[in-house]
Amino acid sequence: MHARGPPGLLTPALPLASSVLMLLMSSLWLLGAGPSLVLAPELLLDPWQAHRLLTHALGHKALPGLLLSLLLLPTLGWRQECHLGTLRFLHASTLLALASGLMAVLLAGLGVSSAAGGCGYMPVHLAMLAGQGYNPRRPRGALPPWLLPWLLLALTPLLSSEPPFLQLFCGLLAGLAYAAGAFRWLEISEQRLQALQEGVLCRALAGCWPLQLLPTPGGLAELPVTHPAGVSFPPGTPLWAALDEQMLQKGIQASLLEGPVQGPESPLRLSKSSVSSLRLQQLERMGFPTEQAVVALAATSRVEGAVSLLVGGDVGTEALVTQGRGGPTHPEGPGPP
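Analysis parameters
- Residues numbered from 1 in each chain as written.
- Predicted model: local features only at pLDDT ≥ 70, side-chain atom pairs only at ≥ 80, totals over all residues.
- Heavy atoms only, no water.
- Helix = DSSP H or I, 4+ residues; strand = E, 2+ residues; numbered from the N terminus.
- Buried < 20%, exposed > 50% of the residue type's maximum accessible area, 1.4 Å probe, protein only.
- Contact = heavy atoms within 4.5 Å.
- Areas by Shrake-Rupley, 256 points an atom, 1.4 Å probe, with all protein chains shown as cover.
- Salt bridge = Lys/Arg side-chain N within 4 Å of Asp/Glu carboxyl O.
- Core = buried A, V, L, I, M, F, W, Y, C linked by side-chain atoms within 4.5 Å.
- Phe/Tyr/Trp six-rings, centres within 6.5 Å; stacked < 30°, edge-to-face > 60°.
- Arc of directions from axis to C-beta.
- Patch = residues over 30% accessible without salt bridge, like charges linked within 9 Å, V, L, I, M, F, W, Y side chains within 5 Å.
- Polar contact = N/O pair within 3.5 Å; in protein donor to acceptor, adjacent residues only side chain to side chain.
- Axes fitted to C-alpha atoms, helices over the stretch in contact; angles between N-to-C directions.
- Parallel < 35°, antiparallel > 145°, perpendicular 65-115°, else oblique.
- Left-handed = near helix turned anticlockwise from the far one by under 90°.
- Nonpolar A, V, L, I, M, F, W, Y, C, P; charged D, E, K, R; others polar.
- pLDDT = per-residue confidence, 0-100.

Moving on, we get to the overall build of the chain. Each helix and strand in the chain was counted, giving 13 helices and seven strands. Within the chain, buried positions represent 43% of all 337 residues. Contacts in the chain between residues at least 24 apart in sequence constitute 64% of all its contacts with a sequence separation of at least 6. Counting only carbon and sulfur atoms, one obtains 66% of the accessible surface of the chain, whose full area is about 18300 Å².

Now the structure itself:
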């Protein structure tokens, strides 16, 4: 967890969502808002109080319950946010808080009064731990991952009087249902997640310090970008541009390796599809022959570098340019094939 701080040096940064949750829960405790956020059966009949199905996780009535919730956010929440990314962590936390609250209220409405009447973030901790504990890709520790939420469920009533045990159990059940895929239809698609991460607000928060929005692991924001030999980018080059250059270089290398092994006297074969069509069109509009433009772009991958080669007469006439995979070939330069 690092971000660039104000001096421009690499300094520690905190996960945004779980750190803001700590500040929010502490503020609500200081304001005495905990009792107004408890779960109750009448929530199902009063639409003005329906927000408590979600906000019950933010309120605390007893100090031990608040301290336990705050202690587990750096211990569990930060690691979960790094594992999921900030947006997916927020989505999962919100979904599980709502599911556990609704389950507790429904049980209270059916006559199990001890299932509601409390508030606190511990049911969400249990739900998140149970939901992630059954992930086969999660790194193994000293204890089996499936055992951790059950141990926390047993220990929590010994450390704090809130929330009630059945409300904690509802959180654990919600996490098990999440792990089993019961809420898969409510998950954010990868395309939607990527679109959100590329938004102006998320991009700004991803560069903030000391609180930082963490990208989803495996997304474009996490892909390593390596600059090919001979190609450099000025500071501030957008990620998409760097990726475009990298993919273009990979395509050129693959194109050069597609054909049969060429001897020292054989002409170099280049595929027209191995270079950027937009850049090729720019060179063609300048009056350069298509075949020479393809060779120059394959050598430099940039319009400016290609123009420099073409104007300087550094493009030879030995290369053969193909229209595509398996297409007819013709020699580079003017003249009949």
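There's more to say after this.
Overall, the coordinates contain two salt bridges when judged by the stated rule. Residue Glu190 is joined to Arg88 by a salt bridge in which the shortest nitrogen-to-oxygen separation is 3.1 Å. You can see Glu190 sitting in helix H8 (residues 190–197) and its partner Arg88 sitting in helix H4 (residues 86–109), a full 102 residues away along the chain.

Note that soluble globular proteins tend to have their nonpolar side chains buried in a common cluster. Ranked by size, the top nonpolar core spans 25 residues in total, and within it Met25, Leu96, Tyr121 and Met128 carry the most contacts. Of all the secondary structure elements, the ones that give two or more residues to this core are helix H1 (16–30), helix H3 (63–84), H4, helix H5 (122–133) and helix H7 (165–179). A per-element tally of this core places H4 first, with six residues. With residues near it in sequence (within four places) discarded, Tyr121 still touches Leu21, Met25, Ala57, His60, Ser69, Leu73 and Ser93. In terms of nonpolar packing, the next biggest core, distinct from the first, is built from 14 residues, Val294, Ala296, Leu297 and Val315 among them.

What follows is about the packing of aromatic side chains. Overall, the coordinates contain one aromatic pair when judged by the stated rule. Seen from their ring centres, Trp150 and Phe169 are 6.5 Å apart, and the 55° between their planes marks the pair as tilted. You can see Trp150 sitting in helix H6 (residues 147–159) and its partner Phe169 sitting in helix H7, a full 19 residues away along the chain.

Assignment of secondary structure puts Gln80 in helix H3. In this structure Gln80 touches Gly85, Phe89, Met128 and Leu129, once residues within four positions along its chain are discounted.

Moving on, we get to helix H13 (residues 303–311). For H13, every residue scored as buried is listed here: Val303, Ala306 and Leu310. Buried positions in H13, seen along its axis, are confined to an arc of 65° and lie on one side of it. More than 90 degrees from the buried face of H13, the exposed residues found are Glu304 and Val311. The inward-facing, buried residues of H13 abut helix H11 (277–285) and helix H12 (290–300). Positive backbone phi, approximately 70°, marks Gly313, located one or two places after H13.

Residues Leu44, Leu45, Leu102 and Leu106 make up a contiguous nonpolar surface patch of about 390 Å² in total accessible area. Its place among the elements puts Leu102 in helix H4. Relative accessible area serves as the criterion here: at 36%, Leu102 is assigned to the partly exposed category.

By secondary structure assignment, the location of His56 is in the loop between helix H2 (52–55) and H3. Side-chain polar atoms of His56 contact the backbone oxygen of Leu53, separated by 3.3 Å. Those residues in contact with His56 that lie beyond four places of it in its chain are Leu37, Leu39, Ala97, Ser100, Gly101, Cys119, Gly120 and Gln167.

Relative to the helices and strands, Leu176 resides in helix H7. In this structure the C-alpha to C-alpha distance between Leu176 and Leu129, which are 47 residues apart in sequence, comes to 9.2 Å.

Next up on the list: the packing of H4 against H7. Here H4 crosses H7 at 130°, and the two axes come no closer than 8 Å. Classed by the angle they form, the pair H4 and H7 counts as oblique. Classified by chirality, the crossing of H7 by H4 is right-handed. In contact with Ala92, Leu95, Leu96, Ala99, Ser100, Met103, Ala104 and Leu107 of H4, H7 contributes Gln167, Cys170, Gly171, Leu173, Ala174, Gly175 and Tyr178. Each residue belonging to the contact of H4 with H7 can be placed in one class, and the counts come to eleven nonpolar, four polar and no charged.

Summary statistics for the chain give a mean pLDDT of 76 and a share of 71% for residues scoring 70 or more. Here residues 325–337 is modelled with pLDDT under 50, and outside its nearest four sequence neighbours on either side it reaches 28 contacts, counting other chains as well.

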